[in-house]
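# Geometric and topological summary
Read off the chains here:
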Amino acid sequence: MYIKMTLTKATLDKFSNKDLTKIKKPKTKEYYDRPFELADRDSLGVRVSLKGKIVWQYRYRYLGKAQRLTLGSYPYLKIEDARQKLPELKGWLEEGLDPKQMLLARKNKNLEQSQYTLIKLASDWKDTLSENDMKKGTIDNYNNVIDKWILNTPKRDKLKVNWVIQKMNMPFENIRGSDWMSYFSWICDEGSPIVAGSVLKLIKSIVKWGLITDKITNQLILEYKVNDVGRASQPSERTPSAEDIAYMWLEIEKSKALPQTKLCLKLIIIFGGRNTAVRTMKWEHLDFDNLIWTIPLPKRRKEYPRRAAFEGDETVQRPEKHPIPEIAKQLLYDFMRIYGNKGFVFKGEAQSKPLTVHAVDRFCLRMSANLFRKNQISKIIPHDFRRSLNSILCEIDVKWDPVCEKILGHKLRGTKAHYNKADYLSQQLEAYNLYWSLINQEIDKLVFEKTSLS
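Residues numbered from 1 in each chain as written. Predicted model: local features only at pLDDT ≥ 70, side-chain atom pairs only at ≥ 80, totals over all residues. Heavy atoms only, no water.

### Remarks on the overall build of the chain
- The secondary structure content of the chain amounts to 19 helices and eight strands.
- Residue burial in the chain is summarised as follows: out of 454 residues, 39% are buried.
- Summed over all atoms, the accessible surface of the chain reaches about 26800 Å², with 51% contributed by carbon and sulfur. (Helix = DSSP H or I, 4+ residues; strand = E, 2+ residues; numbered from the N terminus. Buried < 20%, exposed > 50% of the residue type's maximum accessible area, 1.4 Å probe, protein only. Areas by Shrake-Rupley, 256 points an atom, 1.4 Å probe, with all protein chains shown as cover.)

Next comes the structure, spelled out in C-alpha cells:
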C-alpha cells in the first residue's frame with residue numbers, strides 16, 4: 001500500500017514542533033509496501049524510507065535530466081534550515097552549474113582544509129619565501145621565529161613545553177579563542193610579552209596567505225591585536241653622549257674579544273651604521289682610492305629594475321654611499337695587513353660568512369655591562385649609536401639634520417625623496433670628522449684623567 005501526502009503549512013509547523021505523528025514509522029505492516037514522499041515547496045520535500053528514516057531532498061533538472069539531491073536528515077536538519085539552502089542551489093542552476101557537483105567540491109575542499117594544522121600552514125608559507133622578494137636577513141628572521149614558536153624546534157635554548165606540537169596539533173579550522181590565548185600565554189612565559197606580540201604579527205601574515213590561497217577559512221586570529229596577547233616593543237630613547245661613547249671605545253680597546261668583533265663595533269660607532277650594513281661589509285665595497293664605502297642594497301628592501309630595462313641595466317639601483325673618514329681608513333688598513341682584503345671584512349666562524357648579528361650584540365652588551373659596573377653608565381646597544389650621531393651633531397647646528405639623514409640611510413622627507421638623489425659625500429665627510437673629533441676629545445680627557453690619577 002502506498003500513501004502520498006501533501007505537506008501542508010499546518011503539517012510543516014508540526015515538523016518544526018517535532019510532531020511527526022503523520023510521517024513516523026507506520027504501526028501496521030501494510031504501510032511497508034514502499035517509501036513515501038511529502039512535498040514542500042520550490043522542489044523541496046521529504047522522503048520517508050521503509051524503516052522510517054526521514055531525509056530532505058531537492059529535485060531539479062540539469063542538462064535536461066531529472067536529478068535528486070539529498071540535503072540532510074530530520075531531525076538533524078529542520079525544515080527552516082532546509083529551506084535556507086534553496087536560494088544557493090537555485091543560484092547555481094541559474095549559472096549553469098550542477099548543485100550536486102558544487103556541494104561535492106565544497107565537501108572535498110573542506111576535507112583538504114581539515115588537514116591543515118598551524119604547523120603545516122606555517123611550513124607551507126615558509127616554502128614560499130624567496131630572496132627575490134625580500135632580503136635574506138628578513139627570511140632568516142621569519143624562519144627562526146617559525147622554527148621556535150610554531151614548529152617548536154629552536155636552534156638554541158630548548159623549550160620547556162613544545163606547546164604547538166603537544167596542545168595545538170589540530171585542524172586549523174578547529175582552533176578557537178581559548179586555544180590562541182593559552183598559546184600566547186605560553187609564549188609570554190617562555191619568551192616575553194614583546195615576543196608574543198611579534199609572533200602574533202607573523203601568524204597574521206601566514207593566516208592571510210592561507211585565506212588568499214584557499215587553504216583555510218578560520219580567520220579568528222586576525223581580530224586579535226598585539227595588546228590582547230602581549231605588548232609591542234617600545235622604541236628605545238637611549239642616546240649615548242660623547243662621553244659615554246668615549247668610555248665604550250676605551251672598553252672595546254681593553255677587551256680580549258676577537259679583532260673583527262672589536263673593529264666591527266668601532267665602525268658602527270664611527271659611521272652611525274646599521275649592525276647588518278657594517279657586519280656584511282666586503283672589501284670590494286670599499287673604494288680606498290676615492291675613499292667611498294658603497295652599500296649595494298638599500299635598507300630593508302630590494303630594488304627592482306624599471307620596466308623594459310636592458311639586461312644588466314642597474315641605473316635604478318640606488319646604493320647607499322658614504323665617505324670613509326681618516327680614522328676608519330686607518331683602522332681598516334691596519335686590519336687588512338693582518339687578515340687580507342678578500343670577501344667579508346668581518347668573517348664569522350665560516351670564512352664565507354660574516355659575523356652574526358648576535359655576536360656583535362652580545363659583545364656590545366658585555367662592554368655595556370662593564371661600563372655600568374664601573375661607571376654606572378646605562379645599557380647601550382649598537383643601534384643607540386645612530387641616535388647619538390644625529391643628536392650630537394644637530395645639537396651643534398640644525399644644518400646637519402639632512403646630512404645625518406643621508407648618513408643614517410634614511411629617505412629625505414616629502415617630494416625631496418623623489419627628486420633629490422644627491423649623496424652629500426663632502427658634507428657627510430665633514431660631519432663624520434666633526435663627530436669623531438668630539439668623541440676623540442672625550443677619549444683624550446679620560447685617558448688624561450686616568451694618567452693623572454695613576
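### Thoughts on the side chain of Lys406
- Here Lys406 lies in helix α17 (residues 401-407).
- Lacking a salt bridge, the buried Lys406 has Asp423 as its closest oppositely charged neighbour, with an N-O distance of 5.0 Å.
- Only 2.9 Å separates the side chain of Lys406 from the backbone oxygen of Ala422, close enough to count as a polar contact. (Lys, Arg positive; Asp, Glu negative; His and termini not counted. Salt bridge = Lys/Arg side-chain N within 4 Å of Asp/Glu carboxyl O. Polar contact = N/O pair within 3.5 Å; in protein donor to acceptor, adjacent residues only side chain to side chain.)

### Structural notes on empty space enclosed by the protein
- The full count for this structure, using the stated rule, is two cavities of 30 Å³ or more.
- Empty space within the largest cavity amounts to approximately 50 Å³.
- Taken together, Phe271, Gly272, Gly273, Arg274, Ala277, Trp293, Ile295, Glu320, His322, Arg386 and Ile407 make up the lining of the largest cavity.
- Residue assignment for the lining of the largest cavity shows that the elements contributing at least two residues are β7 (292-295) and β8 (320-323).
- Classifying every residue of the lining of the largest cavity gives five nonpolar, three polar and three charged. (1 Å grid on protein atoms, 1.4 Å probe; cavity = no way out; pocket = protein on both sides within 12 Å on 5 of 7 lines; lining within 4 Å. Points joined across faces, edges and corners; volume = space filled by probe spheres on them. Nonpolar A, V, L, I, M, F, W, Y, C, P; charged D, E, K, R; others polar.)

### Digging into a positive patch on the surface
- Taken together, the side chains of Lys155, Arg156, Lys353, Arg362 and Arg366 make up a positively charged region of the molecular surface.
- Along the chain, Arg362 falls in helix α15 (residues 357-375). (Patch = residues over 30% accessible without salt bridge, like charges linked within 9 Å, V, L, I, M, F, W, Y side chains within 5 Å. Charge placed at Lys NZ, Arg CZ, Asp CG, Glu CD.)

### Focus: the environment of Ile268
- Along the chain, Ile268 turns up in helix α12 (residues 259-271).
- Those residues within four positions of Ile268 in sequence are excluded, and the remaining contacts are Gly273, Asn275, Val278, Val360, Pro382 and Phe385. (Contact = heavy atoms within 4.5 Å.)

### A look at the nonpolar core
- Counting residues in each nonpolar core, the largest one holds 54 residues, and the members touching the most others are Met248, Leu267, Leu286, Trp293, Phe346 and Phe385.
- Looking at which element gives the most residues to this core, the answer is α12, with eight residues.
- With near-sequence residues (within four places) excluded, Leu267 lies in contact with Gly272, Val278, Met281, Ala328, Leu332 and Phe346.
- In terms of nonpolar packing, the next biggest core, distinct from the first, is built from 37 residues, Ile119, Ile139, Trp186 and Trp209 among them. (Core = buried A, V, L, I, M, F, W, Y, C linked by side-chain atoms within 4.5 Å.)

### Examining the packing of α12 against helix α14 (residues 326-339)
- With their axes 11 Å apart at the nearest point, α12 and α14 run at an angle of 165° to one another. In terms of orientation, α12 and α14 fall into the roughly antiparallel class. α12 and α14 meet at a crossing whose hand is left-handed. Residues Pro259, Gln260, Leu263, Lys266, Leu267, Ile270 and Phe271 of α12 form the contact with α14, whose participating residues are Ile327, Ala328, Leu331, Leu332, Phe335 and Tyr339.
- When its residues are assigned to classes, the contact of α12 with α14 shows eleven nonpolar, one polar and one charged. (Axes fitted to C-alpha atoms, helices over the stretch in contact; angles between N-to-C directions. Parallel < 35°, antiparallel > 145°, perpendicular 65-115°, else oblique. Left-handed = near helix turned anticlockwise from the far one by under 90°.)

### Here we look at unusual backbone geometry
- One non-glycine residue, Ser43, adopts positive backbone phi at about 70°.
- Within the secondary structure layout, Ser43 lies in the loop between β2 (36-39) and β3 (44-48).
- Notably, Leu63 is not glycine yet its phi reads approximately 55°, a positive angle.
- Along the chain, the position of Leu63 falls in the loop between β4 (54-62) and β5 (65-73).

### Notes on the pairing of β5
- Bridge count between β4 and β5: eight bridges; the pairing is antiparallel. Looking at β5, one finds that Tyr58 is bridged to Leu69.
- The turn linking β4 back onto β5 is made up of two residues, and Leu63 within it adopts a positive phi angle of 55°. (Pairing = 2+ DSSP bridges.)

### Quick word on the packing of helix α16 (residues 384-396) against helix α19 (residues 425-453)
- One way to put it is that α16 packs onto α19 with a least axis distance of 10 Å and a crossing angle of 95°. Overall, the two elements α16 and α19 adopt an arrangement that is roughly perpendicular. Listed contacts from α19 to Phe385, Ser388, Leu389, Ile392, Leu393 and Ile396 of α16 are Ala431, Tyr432, Leu434, Tyr435 and Leu438.
- When grouped by side-chain class, the residues that make up the contact of α16 with α19 number ten nonpolar, one polar and no charged.

### Examining the sheet that holds β7
- Across the sheet, which stays open at both edges, the three strands sit in the order β6-β7-β8 with antiparallel pairing between neighbours. Bordering the open sheet on either side are β6 (286-287) and β8, each of which pairs with just one other strand.
- Relative to β7, β6 runs antiparallel, the two sharing two bridges. Paired with Leu286 across the bridge in β7 is Trp293.

### A few points about the pattern of salt bridges
- For the coordinates displayed, the defined rule picks out 13 salt bridges.
- Notably, a salt bridge pairs Asp244 with Arg238, separated by 3.6 Å at the nearest N-O pair. A single burial state applies to Asp244 and to Arg238, both of which are buried.
- Two residues, Lys374 and Glu251, come together in a salt bridge whose shortest N-O distance is 3.1 Å.

### A closer look at the environment of Arg41
- Assignment of secondary structure puts Arg41 in the loop between β2 and β3.
- Once residues within four sequence positions are removed from consideration, Arg41 is found in contact with Arg83 and Leu86.

### Section: helix α11 (residues 242-254)
- With 13 residues, α11 ought to run about 18 Å at 1.5 Å a step, and its terminal C-alpha atoms sit 19 Å apart, in line with that.
- When α11 is considered as a whole, its buried residues turn out to be Ala242, Asp244, Ile245, Ala246, Met248, Trp249, Glu251 and Ile252.
- Along its buried surface, α11 packs onto α12, α14, α15, α16 and α19. (Expected span 1.5 Å × (residues − 1).)

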